[in-house]
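# Residue-level structure breakdown
One-letter residues, chain by chain:
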Amino acid sequence: MNIFKLRHDKLNIFHQNRRKEAVKKEIPDHVFKKCPECENDISVVTLRDNLYVCPNCGYHFKISANERIRQLCDDFSFKETDAKYITKNINNFPDYDKKLNAAKSSTGMNEAVVCGIGKINGQPLALAVMDSNFMMGSMGSVVGEKITRLIELADKKKLPLLISCTSGGARMQEGIVSLMQMAKTSAALKRFSNNGGLYISLLTHPTTGGVSASFAMLGDIILAEPKCLVGFAGRRVIEKTINEKLPDNFQTAEFVLENGFIDRIVERKDLKSELNLLLRMHGGK
């Protein structure tokens, strides 16, 4: 074998690969996103214009809390409350501070929920929006406190309440303190309901664990986005517990609607108008 020819061939392959990489990098990764459902590449501009819904198959991408607020609330109408509340590592759980700082850095948020007062087509409401980008939207003491305070604010100001839910459940780093938020938020909602308040719960992908077992499923009206995951324990855990194979659509919004757990599935493009109608039907302007 000619060693010089072998080296020459390797050099050619190396330079070809470098040229391919250079061409690839002319189109940055963030310009296109691949749809997890149909696997088509979609430009970020197209996605943004389509409310982050795949124009080919209708798959609803996860969106941030700020994007959800932008889509639902009238321009410049949203005023955040309790924005400076931050979580402390009261249990000295290993690496919890590191994870909190990483989540804050990557999202620009202090916690996994944004709360405040806004307007939908001129109608005021109290609004809490969870964000799965912050530690999977897990509910710790500050998330529970902010949501409870918003419920109480809605009660005081006689405003309807909307909570956009997305969560992996209770935050294990906070132990029993995290689980206590299930009872605290539920009790606040009971007082709100006793005083005649309207609570609309919006379930988005995913809504699971302690959040689905508390305030997410306590709405007077419960809406969900198409095909979002709604459940408590995971599929594998349930299948091993009951020793049965579950349906393919188990724990989807369509499944829970069919079984009477939610009231309606609403596509993202129709969500603002649907909420506007519900608010007007229940005493809005």
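Residues numbered from 1 in each chain as written. Predicted model: local features only at pLDDT ≥ 70, side-chain atom pairs only at ≥ 80, totals over all residues. Heavy atoms only, no water.

### Points about the packing of helix α3 (residues 65–72) against helix α10 (residues 268–281)
Taken N-terminus to C-terminus, the directions of α3 and α10 make an angle of 60 degrees; their axes are 9 Å apart at the nearest point. By the criterion of interaxial angle, the relationship of α3 to α10 is oblique. When α3 is examined against α10, the residues R68, Q71 and L72 are found in contact with a partner set consisting of R268, L271, K272 and L275. Across the contact of α3 with α10, the residue classes break down as 3 nonpolar, 1 polar and 3 charged. (Axes fitted to C-alpha atoms, helices over the stretch in contact; angles between N-to-C directions. Helix = DSSP H or I, 4+ residues; strand = E, 2+ residues; numbered from the N terminus. Parallel < 35°, antiparallel > 145°, perpendicular 65-115°, else oblique. Contact = heavy atoms within 4.5 Å. Nonpolar A, V, L, I, M, F, W, Y, C, P; charged D, E, K, R; others polar.)

### Structural notes on the pattern of salt bridges
What the rule picks out here adds up to 15 salt bridges. Close ionic contact of K158 with D155 constitutes a salt bridge, the shortest N to O distance being 3.9 Å. When its relative accessible area of 17% is taken as the criterion, D155 is described as buried. K269 is paired through a salt bridge with D270; the nearest N and O atoms lie 3.1 Å apart. Judged by relative accessible area, K269 falls into the exposed class, the value being 58%. When salt bridges that share partners are traced, they join R68, E225 and R268 into one network. (Salt bridge = Lys/Arg side-chain N within 4 Å of Asp/Glu carboxyl O. Buried < 20%, exposed > 50% of the residue type's maximum accessible area, 1.4 Å probe, protein only.)

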